[in-house]
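# Observations on the three-dimensional arrangement
In case you want the letters, here they are:
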Amino acid sequence: MYETLRPGPARPSAAEANDAIRHLVESRTEGEEWPAEAYEFLLSEWAAADHADVAGSLVR
């Protein structure tokens, strides 16, 4: 089973989510089914964090 970020009140930074995506992809073994649900969750976390980073930089 993959160890991924768990949903919760605090979102990871874009860099943390990106690292988790990289780990998910790199830790797969050949012939293993693609973990679509985990990947989609991490991708949405990355997108939300990236959006927050961009929005925060525009406010400053």
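Look a little higher up for the structure.
Presented here is an overview of the structure given in this document. (Residues numbered from 1 in each chain as written. Predicted model: local features only at pLDDT ≥ 70, side-chain atom pairs only at ≥ 80, totals over all residues. Heavy atoms only, no water.)

On to the overall build of the protein chain, then. When helices and strands are counted, the protein chain shows 2 helices and 0 strands. For the protein chain, the residues scored as buried account for 18% of the 60 residues in total. In the protein chain, the proportion of contacts linking residues at least 24 apart, taken out of those at least 6 apart, comes to 58%. (Helix = DSSP H or I, 4+ residues; strand = E, 2+ residues; numbered from the N terminus. Buried < 20%, exposed > 50% of the residue type's maximum accessible area, 1.4 Å probe, protein only. Contact = heavy atoms within 4.5 Å.)

Positionally, Ala-17 belongs in helix 1 (residues 14-26). In this structure Ala-17 comes out as buried when scored by relative accessible area, which is 0%. For the pair formed by Ala-17 and Trp-46, sequence separation is 29 residues and the distance between their alpha carbons is 5.0 Å.

The terminal C-alpha atoms of helix 1, which comprises 13 residues, lie 18 Å apart, in line with the 18 Å expected from a rise of 1.5 Å per residue. Within helix 1 the residues assigned to the buried category are Ala-14, Ala-17, Ala-20, Ile-21 and Leu-24. Here the buried residues of helix 1 occupy an arc of 125° about the axis, which is enough to place them on one side. Set apart from the buried face of helix 1 by more than 90 degrees, the exposed residues are Ala-15 and Glu-26. (Expected span 1.5 Å × (residues − 1). Arc of directions from axis to C-beta.)

What follows concerns the side chain of Glu-45. Within the secondary structure, Glu-45 is located in helix 2 (residues 36-59). Since its relative accessible area comes to 7%, Glu-45 is described here as buried. The residues touching Glu-45, leaving out its near neighbours within four places in the chain, are Arg-11, Pro-12 and Ala-17.

Tracing the backbone shows Trp-34 in the loop between helix 1 and helix 2. Along the chain, Trp-34 and Leu-24 lie 10 residues apart, while their C-alpha atoms are 9.8 Å from each other. Trp-34 has contacts with Val-25, Arg-28 and Tyr-39, leaving out every residue within four places of it along the chain.

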